[in-house]
Amino acid sequence: MKQQAARQLGHVGITTIAFLGLNWLNELVFIQFEQSSGINWVFLPAGIRLLATLLFGFAGFVGLLLAGFYLNFHHFAFQDEARAVYGAVAGAGGPYLAYLFAKHWFDLGPRLGNLTAGRLLFTGVLCGIMSPAFHHAFMWVQTGLVDWTALAAMITGDIVGILIVLTLAKGLITLTDPRDVDAHLR
């Protein structure tokens, strides 16, 4: 029981650190593609959102939520606390729901088994739509307005970031899987 709890806490920590690290890298490398504060046409941390939930399930969701709270309250300049909270919830909840759908529809196994290129694309696009849609749905409920340009930028940035990160991760997992080394050397 203690080992399971420690493992889950480790997954939360890995997720939080990976998300914050990729957010820093994204701001460093892709700042010129920023549409507005926190909204970028290329958003690599979105890939960690889905990867963390695919690999760690609910612990990934918790790590994303913690990273979202940290960034939204201490890094980005939101007009009010409600927006900071629902931004973090949307950022963690969208990928977790996409993961649950993919897990059910594609019978995903450990180490992203059964996640073919087509399924990766579908799951990435689904996740890339869900988080921004949730974020802007919350905003619409709060303000009655939707910033369509920001929504388009978020969806595009999330999908691009997801596809970059998950493609790299799937490649690394495949290349480092000792059971498949012979198959990759042929």
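This write-up is about the structure you can find in this document. (Residues numbered from 1 in each chain as written. Predicted model: local features only at pLDDT ≥ 70, side-chain atom pairs only at ≥ 80, totals over all residues. Heavy atoms only, no water.)

Points about the overall build of the chain
In plain terms, the rule: Counting from the N terminus, the helices are the DSSP runs of H or I reaching at least four residues and the strands are the DSSP runs of E reaching at least two. Every radius of gyration here is taken over C-alpha atoms, with the globule rule written as 2.2 Å times N^0.38, N being the number of residues. Exposure categories follow from relative accessible area, calculated using a 1.4 Å probe and restricted to protein chains: below 20% of the type maximum is buried, above 50% is exposed, and the middle band is partly exposed. Whether two residues are in contact is decided by their heavy atoms, any of which lying within 4.5 Å being enough. Here the accessible surface of atoms and residues is derived via Shrake-Rupley with a 1.4 Å probe, and residues count as covered only by protein chains that are part of the display.
For the chain, the count of helices and strands is 7 helices and 2 strands. Reading the helices (α) and strands (β) of the chain from amino to carboxyl end gives α-β-β-α-α-α-α-α-α. Against the globule reference of 16 Å for 186 residues, the chain gives a C-alpha radius of gyration of 17 Å, in line with a compact fold. A principal-axis box enclosing the C-alpha atoms of the chain has dimensions of 55 × 40 × 35 Å. For the chain, the residues scored as buried account for 44% of the 186 residues in total. Across the chain, contacts joining residues at least 24 apart in sequence account for 71% of those joining residues at least 6 apart. Of the roughly 10,100 Å² of accessible surface on the chain, a fraction of 69% belongs to carbon and sulfur atoms.

With respect to the packing of aromatic side chains
Basically, it comes down to this: Only Phe, Tyr and Trp rings take part, Trp by its six-membered ring, and two of them pair if their centres are within 6.5 Å. Stacked means planes under 30 degrees apart, edge-to-face means over 60, and tilted covers everything else.
For the coordinates displayed, the defined rule picks out 11 aromatic pairs. Between phenylalanine 58 and tyrosine 96, the ring centres sit 5.9 Å apart and the planes meet at 75 degrees, which makes this aromatic pair edge-to-face. You can see phenylalanine 58 sitting in helix α3 (residues 58-74) and its partner tyrosine 96 sitting in helix α4 (residues 81-106), a full 38 residues away along the chain. On the numbers, 5.0 Å between centres and 10 degrees between planes, the contact of phenylalanine 101 with tryptophan 105 is stacked. Separated by 4 residues within a single helix, phenylalanine 101 and tryptophan 105 lie in helix α4, roughly one turn from each other. Among the residues examined, phenylalanine 101 registers a relative accessible area of 35% and is labelled partly exposed.

Describing the packing of α4 against helix α5 (residues 117-143)
Applied cut-off: All axes here are fitted lines through C-alpha atoms, helices being fitted over the stretch that makes contact, and every angle between N-to-C directions spans 0 to 180 degrees. Roughly parallel covers angles under 35 degrees, roughly antiparallel covers those over 145, roughly perpendicular covers 65 to 115, and oblique covers all other angles. Handedness of a crossing is defined here by the sense of rotation of the near helix relative to the far one, left-handed for an anticlockwise turn of less than a right angle and right-handed for a clockwise turn. Three classes are used, and their members are as follows: Ala, Val, Leu, Ile, Met, Phe, Trp, Tyr, Cys and Pro are nonpolar, Asp, Glu, Lys and Arg are charged, and the others, Gly among them, are polar.
Between α4 and α5, the least distance of the axes is 8 Å, while the angle of their chain directions is 150 degrees. Here α4 lies roughly antiparallel to α5, going by the angle between them. Crossing handedness for the pair α4 and α5: right-handed. Among the residues forming the contact of α4 with α5, the class breakdown is 18 nonpolar, 8 polar and 2 charged.

Considerations on helix α1 (residues 2-30)
One turn of the α-helix equals 3.6 residues, which is why residues spaced by three or four share an orientation. Heads up, the rule is: Expected helix span is computed as 1.5 Å times (number of residues minus one).
A rise of 1.5 Å per residue sets the reference length of α1, with its 29 residues, at 42 Å; its end C-alpha atoms lie 41 Å apart and thus fit the reference within 8%. Considering only its buried residues, α1 is in contact with β1 (34-36), β2 (39-40), α2 (45-56), α3 and α6 (148-176).

Topic: a nonpolar patch on the surface
Note the following rule: Note that patches include only residues with greater than 30% relative accessible area and no salt bridge, and the join distances are 9 Å for like charges and 5 Å for nonpolar side chains (Val, Leu, Ile, Met, Phe, Trp, Tyr). The rule for a salt bridge is simple: a side-chain nitrogen of Lys or Arg has to be within 4 Å of a carboxyl oxygen of Asp or Glu.
A cluster of nonpolar side chains, contributed by Leu97, Leu100, Phe101, Trp105 and Phe122, occupies part of the molecular surface with about 440 Å² of accessible area. Among the elements that take part in the nonpolar patch, α4 stands out by supplying 4 residues, more than any other. With respect to the helices and strands, the residue leucine 97 is situated in helix α4.

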